[in-house]
Amino acid sequence: MSMINLLLFPIIIPFFFAIVLLFFKEQVRIQRILTVIGLSVSIASAVMLMMKVKQDGIQTLTLGSWPAPFGITMVSDMFSALLVTSTLVITLFVSIYSFSSIGAERERFFYYPAILFMITGVNGAFTTGDIFNMFVFFEVLLIASYMLIVLGGEKRQLRESIKYILVNVISSAFFVITVAYLYSIVGTLNMADIGQKIADIGQPGIVSVIGVLMLLVFGIKAGIFPLYFWMPGSYAAPPVPILALFGALLTKVGVYAITRTYTLFFVHDLAFTHTILMVLALLTIVAGCIGALAYFDLKQIIIYNILIAIGVILFGVSQMNEAGMQGAVFYLIHDMLIKGALFLIIGIMIVVTGTSNLREMGGLIKTHPSLGWLFLIAAFGLAGIPPLSGFVGKLLIVQGGFEHGQLFGTIVILASSLVVLLSVIRIFIYAFWGEPVTLQPTNRKTYQQMMFPAVILVALSVLYGVGTEWIFPYVSDAAHVLLDPSSYINAVLKE
């Protein structure tokens, strides 16, 4: 295999391991070992790819040796490479967490292959350079996610999964129709070529309308206002490791798709398309803030915090200036790490207390001090207290907002930081302070096994914040490609 195929590895390796795992249905230990090996090898390949992109620029591969707009192109720029690497790292630690928390019944029922098939779809969606192919990879990750959301078949899961599947089936049909409209106007499906053709015809009104349709299609997946109605219920139904994967990864694929299309295709009528994006982003933040303060359920509070973060990231994207875009990329990766970490932590809290209702908790700091400190660090990271990772991204997004003259929107973002801080501090006060409540009998070893991946993810998010200077050149490269679509287009169509 030549180095040119490197950008396929983060997609092919999980796919290959997923297929191999299907043959070991009953051997849970073999499944676990193979999952860790598969994800570790994938991470190695993703890091190599990232270094390659940093060194040599955007990597492209057109399958079947057809010239660019005709064959299906895979493209790895820095934005895509960062997301692919983060996805694999988070999946590895969620899988390790699952060993001691998901339960053998689920593990015997193709839990790990479903995760790996899902990651195949997620990484494929991040890497494809073809808009129809993006639809195909969306379907791959969705079908795997349908399986994960029903796995175990509890009554609540089955009820919520019907909603989840219906929403996604409708949104997938809507996606294909929108792509068909776009194709009928520009006559191509290659994303670089679409960007080129729209630039050539100067984005007439009909293309802007298609842009808004795309925002709705991907907005359903990302959970933007008013399309997030399905998310809090559906995400809270499955067990915590599955919720962690969905919360950290699946919504981000929608955010990625909006960001990619709104920086590559629809960039000639910003006053129309990006104003709509910005307004929806701000409404998403408001909706998330209301939910994060209204609920007393651990899962719901963090799920509504996903909405706030999606709004913040898309606000940064909508500014279309350097600070805003750098902030959006930085904050997107930060949020994947920190949400992954927080879901793992609240999973431990739920196991220890036997409930996800804050009103029934108390005094955990006396019985589980390490858990309390871990939660506090993650909570401060989420709220963006310096020097943790949430700070730099939000600072840049705020800077982008002020530079663009969006005073009101920027103030909403600053206010949302306070709401986020309030929502997580409220968890801390209810769960860790006060009188200890009677706890579930938990196995010390299980507790330590669950703490390990949670600690690592929190540590990674702290490093991501403290090591900002070292990571920033990568973020800056990613933002540069997003703000200069010609670099993407030339890399793909150079043949």
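Before any of the text, the structure's been laid out above.
No experiment lies behind these values; they were computed from the predicted model shown.

### Some words on the layout of surface pockets
Gaps left between atoms are located by rolling a probe of water-molecule size over the structure's atoms.
Consideration 1: The calculated volume of the largest pocket comes to roughly 500 Å³.
Consideration 2: Contributing to the lining of the largest pocket are 19 residues, with Met 50, Thr 85, Tyr 464, Trp 470 and Ile 471 lying nearest its centre.
Consideration 3: Broken down by element, the lining of the largest pocket gets its largest block of residues, 6 residues, from helix α3 (residues 78-101).
Consideration 4: In this structure, the second largest pocket spans a volume of roughly 230 Å³.
Consideration 5: Lining the second largest pocket are 17 residues, and of these Ser 101, Pro 239, Val 240, Pro 241 and Lys 299 sit closest to its centre.
Consideration 6: For the lining of the second largest pocket, the elements supplying multiple residues, two or more each, are α3, α11 (240-264) and α14 (322-353).
Consideration 7: In terms of residue count, the dominant contributor to the lining of the second largest pocket is α14 (3 residues).
Consideration 8: Per-class residue counts for the lining of the second largest pocket are 11 nonpolar, 2 polar and 4 charged.

### Remarks on the side chain of Thr 284
Consideration 1: With respect to the helices and strands, the residue Thr 284 is situated in helix α12 (residues 270-294).
Consideration 2: Residue Thr 284 is classed as buried on the basis of its relative accessible area of 0%.
Consideration 3: Side-chain polar atoms of Thr 284 contact the backbone oxygen of Leu 280, separated by 2.6 Å.
Consideration 4: Setting aside chain neighbours within four positions, we find Thr 284 in contact with Gly 223, Ile 224, Phe 225, Leu 307 and Gly 311.

### As for the nonpolar core
Consideration 1: Grouped together as the largest cluster of nonpolar side chains are 190 residues, with contacts concentrated most on Tyr 235, Phe 246, Met 349 and Phe 375.
Consideration 2: By residue number, the principal contributor to this core is α14, which donates 21 residues.
Consideration 3: Not counting residues up to four positions away in its chain, the partners in contact with Phe 375 are Leu 342, Ile 345, Met 349, Val 424, Ile 427, Phe 428 and Phe 432.

### A look at the packing of aromatic side chains
Consideration 1: Tallied over the full model, the rule gives 27 aromatic pairs.
Consideration 2: Note on Tyr 164 and Trp 230: the rings are 5.7 Å apart at their centroids and 55° apart in plane angle, and the pair reads as tilted. Of this pair, Tyr 164 sits in helix α7 (residues 155-186) while Trp 230 is found in the loop between α9 (205-222) and α10 (231-236), placing the two residues 66 residues apart along the sequence. Just as Tyr 164 is buried, Trp 230 falls in that class too.

### Structural notes on unusual backbone geometry
Consideration 1: Of note, the bond from Phe 225 into Pro 226 is cis; its omega dihedral lies within 30 degrees of zero at -5°.
Consideration 2: Take Pro 226: it is sitting in the loop between α9 and α10.
Consideration 3: Following Pro 386, the chain continues to Pro 387 via a peptide bond in cis, the omega torsion being 5°.
Consideration 4: As for its position among the elements, Pro 387 is in the loop between α16 (369-383) and α17 (389-403).
Consideration 5: Positive phi outside glycine occurs at Gln 203, with the angle close to 45°.
Consideration 6: If you trace the backbone, Gln 203 turns up in the loop between α8 (191-201) and α9.
Consideration 7: Given the relative accessible area of 5%, Gln 203 is considered buried.

### A closer look at the environment of Ser 40
Consideration 1: For Ser 40, the location among the structural elements is in helix α2 (residues 28-56).
Consideration 2: Exposure remark for Ser 40: the relative accessible area of 31% places this residue in the partly exposed category.
Consideration 3: Along the primary structure Ser 40 and Leu 92 are separated by 52 residues, whereas in three dimensions their C-alpha atoms are 7.3 Å apart.

### Section: empty space enclosed by the protein
Consideration 1: Per the stated rule, a full pass over the model turns up 3 cavities of 30 Å³ or more.
Consideration 2: The computed volume of the largest cavity comes to approximately 90 Å³.
Consideration 3: Phe 138, Leu 141, Leu 142, Tyr 164, Asn 168, Lys 221, Trp 230, Tyr 235, Leu 250 and Val 253 together form the lining of the largest cavity.
Consideration 4: Looking at the lining of the largest cavity, the elements that each hand over two or more residues are α6 (131-150), α7 and α11.
Consideration 5: With 3 residues, α6 is the single largest residue contributor to the lining of the largest cavity.
Consideration 6: Class assignment of the residues belonging to the lining of the largest cavity gives a composition of 8 nonpolar, 1 polar and 1 charged.

Thresholds applied
Residues numbered from 1 in each chain as written. Predicted model: local features only at pLDDT ≥ 70, side-chain atom pairs only at ≥ 80, totals over all residues. Heavy atoms only, no water. 1 Å grid on protein atoms, 1.4 Å probe; cavity = no way out; pocket = protein on both sides within 12 Å on 5 of 7 lines; lining within 4 Å. Points joined across faces, edges and corners; volume = space filled by probe spheres on them. Helix = DSSP H or I, 4+ residues; strand = E, 2+ residues; numbered from the N terminus. Nonpolar A, V, L, I, M, F, W, Y, C, P; charged D, E, K, R; others polar. Buried < 20%, exposed > 50% of the residue type's maximum accessible area, 1.4 Å probe, protein only. Polar contact = N/O pair within 3.5 Å; in protein donor to acceptor, adjacent residues only side chain to side chain. Contact = heavy atoms within 4.5 Å. Core = buried A, V, L, I, M, F, W, Y, C linked by side-chain atoms within 4.5 Å. Phe/Tyr/Trp six-rings, centres within 6.5 Å; stacked < 30°, edge-to-face > 60°.

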